[in-house]
Amino acid sequence: MEKMKRSLSGIKPTGNLTLGNYIGALRNFKNYQDEYENFVFIADLHALTLPIDPAFLRQNTKDIVAFYLASGLDKDKTTIFLQSDVSAHSELNSILINYLYMGELSRMTQFKDKSAKMNHEAVGVGLFAYPVLMTADILLYNADVVPVGEDQTQHVELARDLVHRFNARYNKEVFVMPKAVTPKVGARIMSLSDPTKKMSKSDPKGDIFLKDEPNIIRKKIMSAVTDTGNEIIYDPVNKPGISNLLQIYSALSDITLDEAQSRFHDIHQYGEFKKIIADKVLEEIVPFQERFKEFSNPKIINEVLNQGKERASRVASRTLNKVKKTVGLYVHE
Ligand code: AMP
Ligand code: TRP
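Asks: So what's going on with the site of ligand 2? Which residues, and what values?
Replies: The environment of ligand 2 is formed by 14 residues, the closest being Lys 12, Tyr 130, Met 134, Asp 137 and Gln 152. In the model, an oxygen atom of ligand 2 is placed 3.0 Å from a nitrogen or oxygen of the Lys 12 side chain. Asp 137 has a polar side-chain atom sitting 2.7 Å from a nitrogen atom of ligand 2. Out of a free accessible area of 360 Å², ligand 2 has 93% covered by protein chains. Of the residues forming the shell around ligand 2, the biggest block, 4 residues, is contributed by helix 6 (residues 125-140). Among the residues making up the shell around ligand 2, the classes are represented as 8 nonpolar, 4 polar and 2 charged.

Asks: Lay out the packing of aromatic side chains in plain terms, naming residues and giving numbers.
Replies: Tallying each qualifying case throughout the model produces 15 aromatic pairs. Measuring from ring centre to ring centre gives 5.4 Å for Phe 81 and Tyr 141, while their planes differ by 45°; the resulting arrangement is tilted. Remark: Tyr 141 occurs in the loop between helix 6 and strand 4 (145-147) and Phe 81 occurs in strand 3 (residues 78-82); sequence separation between them is 60 residues. Residue classification places Phe 81 among the buried residues on the basis of a relative accessible area of 0%. By relative accessible area, Tyr 141 is classed as buried at 0%. Measuring from centroid to centroid gives 6.4 Å for Tyr 99 and Tyr 170, while their planes differ by 55°, and the two rings are tilted. A residue pair is termed long-range when its members are at least 10 positions apart, and Tyr 99 in the loop between helix 3 (88-96) and helix 4 (102-106) and Tyr 170 in helix 7 (residues 153-170) qualify at 71 residues. Judged by relative accessible area, Tyr 99 falls into the buried class, the value being 10%.

Asks: With reference to specific residues and values, describe the layout of surface pockets.
Replies: Empty space within the second largest pocket amounts to approximately 440 Å³. Lining the second largest pocket are 20 residues, with Asn 28, Pro 183, Lys 184, Val 185 and Asp 254 positioned closest to its centre. Within the residue set of the lining of the second largest pocket, elements represented by two or more residues are helix 1 (19-29) and helix 9 (240-253). Tallied by class, the residues present in the lining of the second largest pocket amount to 10 nonpolar, 6 polar and 4 charged. Here the lining of the second largest pocket spans two domains, and each of domain 1 (6-187 + 297-327) and domain 2 (214-293) adds at least three residues to it.

Rules of the game
Residues numbered from 1 in each chain as written. Chains lettered and ligands numbered in written order. Predicted model: local features only at pLDDT ≥ 70, side-chain atom pairs only at ≥ 80, totals over all residues. Heavy atoms only, no water. Near = heavy atom within 4 Å. Polar contact = N/O pair within 3.5 Å; in protein donor to acceptor, adjacent residues only side chain to side chain. Areas by Shrake-Rupley, 256 points an atom, 1.4 Å probe, with all protein chains shown as cover. Helix = DSSP H or I, 4+ residues; strand = E, 2+ residues; numbered from the N terminus. Nonpolar A, V, L, I, M, F, W, Y, C, P; charged D, E, K, R; others polar. Phe/Tyr/Trp six-rings, centres within 6.5 Å; stacked < 30°, edge-to-face > 60°. Buried < 20%, exposed > 50% of the residue type's maximum accessible area, 1.4 Å probe, protein only. 1 Å grid on protein atoms, 1.4 Å probe; cavity = no way out; pocket = protein on both sides within 12 Å on 5 of 7 lines; lining within 4 Å. Points joined across faces, edges and corners; volume = space filled by probe spheres on them. Domains from an automatic or database assignment.

Quick look at the structure:
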């Protein structure tokens, strides 16, 4: 029998999840739970790279477990776990950090963006080395595919470079080559207040948060920045606001951008257009929020994490041992 392929992804609990996280990542994870061995985790160690309030971090972590369950992940089909519960992540990180270069890490867009706003002397080592830990996350599970939004593909490319380098150095296939998969539409949802910028957890003005009340979500969409015209066409350069709303609609309807555009052929008022977008978002998010509330139960969350920890640890420690032996660390009984 052919070996089942593996999929792995994670979200870091640094803030309230947005519609961008949902469309670009979260809602796609369940697509891998029937035909792949699916691993989905909460990247809590990654949340420490910038200062964060401990109580806030803990609450976000629990919320993400409930969001995972609300999105349709089934704990018996998908291994849902906490990064800090599986010590192999930190151990493989300590090994791999010796195989990546300062040059390549300093070229990572996410690092450049985040560190640009900081005093150079005070940029954390963890922020710089973030992609090393992410590489460890992916390689520990020998993931074939890594479903992510567009902003993470560069990090997966780095993991691929490391796989080439490492396997070549030891002349054997220690690690499986991973591949980033992004959704056809919606891999980069933009801010509603500035559609030339990505919607991100740290930009409350242009965000739709998954925990926002439905009336707030509607209000935010109705006041999304658009242009002065009245045509509903997909043209990200000249009409970034309208194009972003079309992307959201198209992703949530599972249709192409062309199809989405043709549905709005007869609409020439942005207000009317936005109302349809808001209805679409609420049609998806309201039931999702109801499921989220049901799953936000400490008993359920602990049970999911305990089961996930056990399964993930088993897989991860097998890979870690193989790596230790490969590089010459003495693995003994
Ligand atoms: P993060 O919030 O950085 O932990 O991202 C978690 C996942 O959501 C990653 O796969 C990101 O690529 C994805 N993501 C974050 N923001 C967006 C966005 N605005 N559009 C699409 N995907 C996103
Ligand atoms: N870096 C990812 C983000 O910011 C989160 C993440 C950490 C991740 N480790 C991963 C995603 C491994 C996919 C695979 O969104």
